[in-house]
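Understanding the architecture of this molecule
Below are the chains, spelled out letter by letter.
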Amino acid sequence: MKHKQPAIMLPEEGCTSVLLHACCAPCSSAIVEWMVQNGVRPTIFYYNPNIWPREEYDIRKNESQRHAESLGLTWIDGDYDHDAWRCGVSGLEGEPERGRRCQQCFRLRLTAAAQQARRLGLRWFTTTLASSRWKSIEQITLAGQQAEQAVPETRFWAQNWRKGGLTDRRAQLLRQYGFYNQRYCGCEFSFRAQNHPLLGQQP
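Residues numbered from 1 in each chain as written. Predicted model: local features only at pLDDT ≥ 70, side-chain atom pairs only at ≥ 80, totals over all residues. Heavy atoms only, no water.

A count of helical and extended segments in the protein gives seven helices and five strands. When the elements of the protein are put in sequence order from the N terminus, they spell out β-α-β-α-β-α-α-β-α-β-α-α. The proportion of buried residues among the 203 residues of the protein is 51%. Considering only residue pairs separated by 6 or more positions, the protein has 73% of its internal contacts joining residues 24 or more positions apart. As presented, the protein carries roughly 10,100 Å² of accessible surface, and 47% of it is formed by carbon and sulfur atoms. The averaged location of the 20 negative side-chain charges in the protein is 6 Å from the averaged location of its 26 positive side-chain charges. (Helix = DSSP H or I, 4+ residues; strand = E, 2+ residues; numbered from the N terminus. Buried < 20%, exposed > 50% of the residue type's maximum accessible area, 1.4 Å probe, protein only. Contact = heavy atoms within 4.5 Å. Areas by Shrake-Rupley, 256 points an atom, 1.4 Å probe, with all protein chains shown as cover. Lys, Arg positive; Asp, Glu negative; His and termini not counted. Charge placed at Lys NZ, Arg CZ, Asp CG, Glu CD.)

This part takes up the packing of aromatic side chains. Inspection of every chain in the model, using the stated rule, returns 12 aromatic pairs. Considering the side-chain rings of Phe45 and Tyr47, the 5.8 Å spacing of their centres and the 0° angle between planes classify their relative orientation as stacked. In textbook terms, an aromatic cluster arises when at least three aromatic residues are bridged by ring pairs, as seen for Tyr46, Tyr57, Trp75 and Tyr80. Arg60 extends its terminal NZ or CZ atom over the ring of Tyr184, reaching a point 5.2 Å from the ring centre. (Phe/Tyr/Trp six-rings, centres within 6.5 Å; stacked < 30°, edge-to-face > 60°. Lys NZ or Arg CZ within 6 Å of the ring centre and 35° of its normal.)

Under the counting rule described, the total for this entry stands at zero disulfides. Cys15 takes part in no disulfide bond, and the closest cysteine sulfur, belonging to Cys23, lies 20 Å away. Residue classification places Cys15 among the buried positions, given a relative accessible area of 7%. Cys185 takes part in no disulfide bond, and the closest cysteine sulfur to it belongs to Cys187, at a distance of 4.4 Å. (Disulfide = S-S within 2.5 Å.)

What follows is about the packing of helix α4 (residues 100–120) against helix α5 (residues 137–150). It is the contact of α4 with α5, at a shortest axis distance of 8 Å, that shows an interaxial angle of 40°. By the angle between their axes, α4 is oblique relative to α5. Crossing hand, α4 versus α5: right-handed. Packed against α4, whose contacting residues are Cys102, Gln103, Phe106, Arg107, Leu110, Thr111 and Ala114, the element α5 presents Gln139, Ile140, Leu142, Ala143, Gly144, Gln146 and Ala147 at the interface. When its residues are assigned to classes, the contact of α4 with α5 shows eight nonpolar, five polar and one charged. (Axes fitted to C-alpha atoms, helices over the stretch in contact; angles between N-to-C directions. Parallel < 35°, antiparallel > 145°, perpendicular 65-115°, else oblique. Left-handed = near helix turned anticlockwise from the far one by under 90°. Nonpolar A, V, L, I, M, F, W, Y, C, P; charged D, E, K, R; others polar.)

Now the structure itself:
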């Protein structure tokens, strides 16, 4: 009888360390817990220059750092260069959510994550973006693959972090830690979108 594979699997046997690109503390919480319980020590890389305004960025950053430090994990603050990010998505401002702007945004952020992983000597990197039901798993996977191709000696752990009960666990940990829970993905375009189907929803 063929055994069903678990919903979440290590990227390779013996994997004990990974760079985790974190978009926020709520999305990180259940993923980090799963990793630690399965013998993987994540280094958390907070790199989200898309977030607007700066006050929102700082709130999310501080919550991510608080979470990591409460667990004794290494936490790295990526640069907040919103102007550079705006240049990176120039011409795509009018794209809808899950359109070409989001694809480019994911690619920029995951390429930075891959570069950070290489600097630290970490083979694998992954992202909490793949925990959000409002994001396209296909776009995130493609962006991760593009990042690993752009940064030699790195591999993208393409995992759907919504599975394995982690979505429910995320909600539990959000309440347990009292996390700030944002209500939009982060960028000004998603915030300002008229009749946005996701506006006011949990990312």
